[in-house]
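Structure at a glance
Now for the letters of each chain:
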Amino acid sequence: MLHLLWGADGSFARRTIYELIELSTGASPAKSQVLRMALHMAGSVTLGALEPVAHAYEARTGKKLAGLLHLRAQLPRSSWAPGAVELDPRPEQEQDLLESIDEAFRLLGALADQLLGHARRRLEVKQAQSAWEPPSLLTFEEFGTARIQALCEAVGYSAQDTETVKRFFTFMSQPWGSRLIGTTPPWSSDITDDHTPFELSLSIDGERPEVRFLMEAQNPLPGPTTLRSAWENGLALNERLNREFGVRLERFEQVKELFEPVDPDARFALWHAFFLKEGRPDIKAYLNPAARGRRHAQAVVRNALERLGFAGAWRCLTERVMRGDERDQLIYFSLDLSAHRAARVKLYVAHQDTTAEELESVMSLGPEYVPGEAWVFCQALRGRRGRFGTARSVLTCLAFTSDDDERPSSVTLHVPVRCYTRNDEESMERIRFLQEPRAQVMLKQAVYALAHRPLAAGTGLIQWASMRRQDGRVRTTFYLATEAYGASSTQLVAPARPLATAVHGSEQRLNA
């Protein structure tokens, strides 16, 4: 009830109440009287329409609907319940009264439509959850495209864009996408906690959301995927993308041999990401700096940057980002598979045993960064102060282009939100403090579209939350697991402070 009254879904109802108050403020006695009559009539119509359903619900459940209890009690007490009331307005007031009645019914009609839409969305979520088919009985392609369809529909993607995302997922998951998911993952993919070899994400920065996916090529043959087969299947996908869609591989080929995996303990070999940018498909490749062993990671990245003409990026990284010990690790090396001048090289750094203040220093390298944003983001998602320390480190991502390899064009902060909350319901509450109302609704619809369980039943559906400032706006991205192999039921680190206290402190810090 509190969520409905004061959450994002109730914002339209609250706004309607304020507009009705504004309509009646300073009204003449005649206008006040007709507005009260209009509200009474709306209540009577509502009660008459809902009574049959309410009686059936109350008889079946033994519960009473609070809103109808109020209507039943209040309507008979109104002085205008029986018959009609005669008004004798002056001629010049008549048009104003008629317009006020029309406006009141317009507001109440729009509210009824909004509430009906809310009820339908809730019903669709419950129906989807009750109709959930065990992923083990589906192929990777069937399960993945169904999840993409649900996510795209939830955030208002057009049918054309939805089909484009699904088409690329189908293409990029061939031929292994035809394998049944089964009950155990074919490979301990590091993309998700349950080792599902793909992840969906939703970026929000203004009016248009962006649906994306990240995947790891699997062994198409029966049997487990290995580090070597993941590398070879990833290279084969590169070639197919080049032949079918003209994806450019020149930069990838310049550094490929540096990242060929030889260390059996490497967490991954090669991943691919897809996203639609203003209707245009874009592909990124993710390589593992530790593919030859963690102790070689820095040398591998430095060599790769020099080959690509980004020697300045290495100086920026070592002088401004890395703390000179093993607490900072290079974990992803990403390339836009494009020959465009603005094609990026992205470096991901895992910061162990760090603080929000230290992360602020890295984020300040972004040309549009606003001081305090990273601090607030960290404290709101963690719910406490102090040093970060979990099995999953906080990440920063520095993006460089050929226009300036000395300074990143943007810096992104990634927080493993599922490591700091008891369940996904709490994760949603943490994130809510960082979003505008429209973004809150969009993320909520996306999460409920993917969820096949109560959010309070586990953690990990919302894996990461990230933010960066670019083009004058803050862009937030949420990385969503499909949980083909199930949800985690425990967190890695228990929250130490109440959420409200942490956010209040964050607001004070930002204001200061």
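Predicted model, so just to flag it, every value in this text is computed and none were measured. (Residues numbered from 1 in each chain as written. Predicted model: local features only at pLDDT ≥ 70, side-chain atom pairs only at ≥ 80, totals over all residues. Heavy atoms only, no water.)

**Structural notes on the confidence of the model for the protein**
Per-residue confidence for the protein gives a mean pLDDT of 87; residues scoring 70 or more make up 90%. Here residues 489-512 is a poorly scored stretch, pLDDT under 50, and it has 47 contacts once near neighbours within four places are set aside; other chains count. (pLDDT = per-residue confidence, 0-100. Contact = heavy atoms within 4.5 Å.)

**Digging into the pattern of salt bridges**
Under the defined criterion, the tally for this structure stands at 31 salt bridges. Across the salt bridge formed by Glu-406 and Arg-315, the nearest N and O atoms sit 2.4 Å from each other. On the criterion of sequence distance, the pair formed by Glu-406 in the loop between β7 (394-400) and β8 (410-415) and Arg-315 in helix α11 (residues 311-321) is long-range, its members being 91 residues apart. Overall, Glu-406 belongs to the partly exposed group, its relative accessible area being 40%. A salt bridge links Arg-453 to Glu-483; the shortest N-O distance between them is 2.9 Å. Highlighted residues: Arg-453 in the loop between α15 (437-450) and β9 (462-470) and Glu-483 in the loop between β10 (473-480) and α16 (499-511), separated in sequence by 30 residues. Taken as a pair, Arg-453 and Glu-483 share a single burial class, namely buried. (Salt bridge = Lys/Arg side-chain N within 4 Å of Asp/Glu carboxyl O. Helix = DSSP H or I, 4+ residues; strand = E, 2+ residues; numbered from the N terminus. Buried < 20%, exposed > 50% of the residue type's maximum accessible area, 1.4 Å probe, protein only.)

**Structural notes on the environment of Met-1**
Tracing the sequence through the fold places Met-1 in the segment before α1 (2-6). In sequence terms Met-1 and Gly-26 are 25 residues apart; their C-alpha atoms lie 32 Å from each other.

**Quick notes on the sheet that holds β8**
Reading around the barrel, the ten strands line up as β1-β2-β3-β4-β5-β6-β7-β8-β9-β10 and close back on themselves, with antiparallel pairing between neighbours. Sheet twist, expressed as the mean angle between neighbouring strand axes with direction ignored, is 20°. When β7 meets β8, the two strands line up antiparallel, connected through five bridges. If you follow Leu-398 over to β8, its bridge partner there is Val-411. Contacting β5 (328-336) and β6 (345-351), helix α10 (residues 297-308) crosses the sheet at an angle of about 30° to β5. Packing of helix α13 (residues 373-382) onto the sheet brings it into contact with β8, β9 and β10, and relative to β9 it is tilted by some 165°. (Pairing = 2+ DSSP bridges. Axes fitted to C-alpha atoms, helices over the stretch in contact; angles between N-to-C directions.)

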